[in-house]
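# Per-entry structural report
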Amino acid sequence: MIETLHTQSLTIGNRTFASRLLLGTGKFASNEVMRSAVIASGTGLVTVALKRVSLKGDKDPFADILDFLQIENCLILPNTAGAFNAEEAVRIARLAVKAGLPQWVKLEIHPDPNYLLPDPIETLKAAEILVKEGFTVLPYINADPVLAMRLQDVGCAAVMPLGSPIGSNRGLDTRAMIEIIIEQARVPVIVDAGIGVPSHAAAALEMGASAVLVNTAIAIARDPVITARAFAWAVQAGRVAFESGSTRGATERNHSLKASPTSPLTAFLNA
Amino acid sequence: MINRRQERGDAFSGVYKQLPIGALTHYAHRAEIKDAERVLDNGRARTLEDFASLLSPSIAPHLETMAAHSQAITQRHFGKTIRLFAPIYLSNECVNICKYCGFSKNNSIPRITISEEQAQNEIQKLARQGFRSLLIVAGEHPKYVSNGYVSTVIKNALQVMPHIGIELGPMDTEDYLPIVTAGCEGLIAYQETYYQPTYEYLHVSGPKKLFHWRLDTVERGYLAGFRRLGIGALFGLHDWRYEVISVAAHALHLLKNCWKAQLTISLPRMRPAAGGFQPDPSFAMSDRELVQTICAFRLLLPTVGLVLSTRESPALRNGLIQLGITTMSAGACTEPGGYSHFDESQWTPTQEQPGEQFHIADERSPTEIATIIRKCGYEAVWKDFDPSFVLSA
């Protein structure tokens, strides 16, 4: 077992998390496997699709995913996947609170069921309403820096730009935009979607992302438990590298800002 | 709106006329192994021509490779999960005469339309088996919709069934509106056969004769607000390669024009039914060809749901769980009122079902199916939608 490296904790809203790895709970071969992977990952925040949960407040043995997520120090982050627009997302988020879930929401509004890409207009609209109602709102967005700023302006607790389309395992295709989002962010930036292998997660943390959310890559891995651990280590490694400054200057943008020509243009000042 | 689109030729019925389905079918029969290998090397079929090459008999040596691609693509998009649903047949009364269908008007079977109360009792029975997703099926008859019967069944069903779809005779957008408003989310309309001469030969009389009207059904439904659309052909009525290519073309059209809908394709093969229709054996799709079809669909349409019914045998269904199927029915009864005579502990019929549409091949109970899914390393998903998305309390 590799020792746990000390890194700064992550604060979202009024909660502090030791781990910078968040997990999604869909796509697993069974709820038992999902639970084991969640525990192995050491995460303190897992997201659950409300469409999979019974919202009537009763126990439903055929929609019992929450029963497998009673894990110490692990907060459930309900998500609104399935909502087409702000009205639907707001309605289901309110119902989740009534059903006893935390007043936290991962806002997911994707009218396109094929690539599950988020609708920026409806997301902003819903975020505004839910923040006013006291929710801790974490919106899933395309890697759009202006939208990220708008969502921070209305009071979102974090922003969750996608690295690449959900389930694609393509990694940080949107790297250039995520770099800008991180540079401008006043709240945690959590890279969500597209993280396919641990090195993608490490790269996101090295860039300065506050955390990553991983689902498909762990859920459909041959061994989800060991894969969850691999991601946990990668996230730690990436964060340690970021905090120690060992990645500074490594990105293309930093190169362009910091590189010095061999014949400095300002040499004449020293003449 | 749809009428204007039809005039402009934008609805699928207009587009379909322009498509070289015959030539693509010819190519699907003749494509060489190197054509298919090129597509497999890319890991994706990008065009209908790519797709047609994957349907070629020459690809047989690569079926295992196709299956591996199909499994990987399906798991990325849908995870290791299979969604389960149950059909409920409300009525076998039908105004159409169709040569292959057990409900055909000229068949002498007992005609039944169950009451709203009986429907709700059966739906509750299905819910106790675990189902949270329901497909409402009936023959084509104006009386189901004109008096709000279907809407009432839907409203009652929502108490225990978070997701409801319908498979009824095609309607106009206006007639779909109250059904959507009642809380129904899915619409399924199979074309049966996309080959128009055969379509017109098999549909002897009744409104179902209208080939193009049926072809645009799901687009009319989309305009009314359905969020899940299902299409398919009944394999066995015409050259299956022609049908499969047509379904793929239809799906590509819908992905662009009904972009907010989750699309599913069903893959029903002909089963024995009242009326004794004997399909041309040369049109039959073998088990290997069904697998080839599923894998080819996956390579062209990675995000589209693929549905398998209880028409198929237990052994085949077990094998297909891991190959690209995303949705299955289980413990189904195709006779209106049939579930009323099911023993709940064993989930077996306690009497004959002379009014059934066709006889199913997989008679295992929902619990048994869920167990098999789990044994295959997949999670049986019962609930995958919540009506609170669309309905105010």
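Residues numbered from 1 in each chain as written. Chains lettered and ligands numbered in written order. Predicted model: local features only at pLDDT ≥ 70, side-chain atom pairs only at ≥ 80, totals over all residues.

If you tally the helices and strands in chain B, you get 17 helices and 13 strands. Relative to the 2.2 N^0.38 estimate, which gives 21 Å for 393 residues, the radius of gyration of chain B is 20 Å and therefore close to what a compact globule would have. Seen through its C-alpha atoms, chain B measures out along the principal axes to roughly 60 × 50 × 45 Å. Burial analysis of chain B (393 residues in total) assigns 54% to the buried set. Contacts in chain B between residues far apart in sequence, at least 24 positions, make up 77% of those at least 6 positions apart. (Helix = DSSP H or I, 4+ residues; strand = E, 2+ residues; numbered from the N terminus. Rg over C-alpha atoms; globule rule 2.2 N^0.38 Å. Buried ≥ 20, exposed ≤ 12 C-beta atoms within 10 Å, placed from the backbone. Contact = placed C-beta atoms within 7 Å.)

Quick look at the overall build of chain A now. Across its full length, chain A carries nine helices and ten strands. The buried share among the 271 residues of chain A stands at 52%. Within chain A, contacts between residues separated by at least 24 positions form 62% of all contacts whose residues are at least 6 apart in sequence.

Listed per partner, the contact involves 28 residues of chain A and 26 residues of chain B. Elements supplying a minimum of two residues to the side of chain A that touches chain B: helix 2 (86–98) and helix 7 (216–219) of chain A. Considering every element that reaches the side of chain A that touches chain B, the biggest residue donor is helix 2 of chain A, with four residues. Class assignment of the residues belonging to the side of chain A that touches chain B gives a composition of 15 nonpolar, seven polar and six charged. (Nonpolar A, V, L, I, M, F, W, Y, C, P; charged D, E, K, R; others polar.)

What follows concerns the environment of His 110 of chain A. Looking at the element boundaries, His 110 of chain A is found in the loop between strand 6 (104–107) and helix 3 (120–132). Through-space distance from the C-alpha of His 110 of chain A to that of Tyr 140 of chain A is 9.5 Å; in sequence the pair is 30 residues apart.

With that settled, the discussion passes to the nonpolar core. In terms of nonpolar packing, the biggest core is built from 207 residues, with Ile 190, Ala 209 and Val 212 of chain A together with Ile 88, Leu 134, Ile 245 and Ala 248 of chain B touching the most fellow members. With nine residues, the single largest contributor to this core is helix 14 (residues 240–257) of chain B. With sequence-adjacent residues up to four places away left out, Val 212 of chain A is seen in contact with Leu 21, Leu 22, Ile 190, Val 191, Ile 195, Ala 201, Ala 204, Leu 205 and Val 235 of chain A. (Core = buried A, V, L, I, M, F, W, Y, C linked by C-beta atoms within 7 Å.)

Quick look at the confidence of the model for chain B now. In the predicted model, chain B carries a mean pLDDT of 90, and 95% of its residues have values of at least 70. Of the two predicted TM-score estimates for the complex, the pTM is 0.84 and the ipTM is 0.70. (pLDDT = per-residue confidence, 0-100.)

Moving on: the pairing of strand 4 (residues 163–167) of chain B. Residues and elements named next belong to chain B. Of all five residues in strand 4, four are buried, a share of seventy percent or more. Examined bridge by bridge, strand 3 (residues 133–138) and strand 4 share five bridges and lie parallel to one another. Residue pairing for strand 4: Leu 134 is matched across the bridge by Ile 164. Inspection of the sheet shows strand 4 paired to strand 5 (residues 186–188) by two bridges, in the parallel sense. When the bridges of strand 5 are listed, Gly 165 appears paired with Gly 186. (Pairing = 2+ DSSP bridges.)

The next subject is the pairing of strand 7 (residues 228–232) of chain B. Residue and element names in this part refer to chain B. Here strand 7 lies mainly inside the structure; five of its five residues are buried. Burial of the side chains of strand 7 extends over both faces: Arg 228, Gly 230 and Gly 232 are buried on one face and Leu 229 and Ile 231 on the other. Sheet topology note: the strand 7/strand 8 (residues 262–266) ladder contains five bridges and is parallel. Bridging from a neighbouring strand, Gly 232 pairs with Ser 266 of strand 8. Following the chain from strand 7 across helix 14 to the adjacent parallel strand 8, one finds a crossover that is right-handed. (Right-handed = clockwise from strand over helix to strand, strands pointing away.)

Residues and elements named next belong to chain A. The interhelical angle for the contact between helix 3 and helix 4 (residues 145–153), taken along N-to-C directions, is 15°, at an axis separation of 9 Å. By the angle between their axes, helix 3 is roughly parallel relative to helix 4. Crossing geometry of helix 3 relative to helix 4 is assigned as right-handed. Contacts between helix 3 and helix 4 involve Pro 120, Leu 124 and Ala 127 from the first element and Leu 147, Arg 150 and Leu 151 from the second. Of the residues contributing to the contact of helix 3 with helix 4, the split by class is five nonpolar, no polar and one charged. (Axes fitted to C-alpha atoms, helices over the stretch in contact; angles between N-to-C directions. Parallel < 35°, antiparallel > 145°, perpendicular 65-115°, else oblique. Left-handed = near helix turned anticlockwise from the far one by under 90°.)

Moving on, we get to the packing of helix 1 (residues 31–41) of chain A against helix 8 (residues 224–244) of chain A. Residues and elements named next belong to chain A. Contact geometry for helix 1 and helix 8: axes closest at 8 Å, N-to-C directions at 25°. If you check the angle between helix 1 and helix 8, you find them roughly parallel. Regarding helix 1 and helix 8, the two cross each other, and that crossing is right-handed. Listed contacts from helix 8 to Val 33, Ser 36, Ala 37, Ala 40 and Ser 41 of helix 1 are Pro 224, Val 225, Ala 228, Arg 229, Phe 231 and Ala 232. By residue class, the composition of the contact of helix 1 with helix 8 is eight nonpolar, two polar and one charged.

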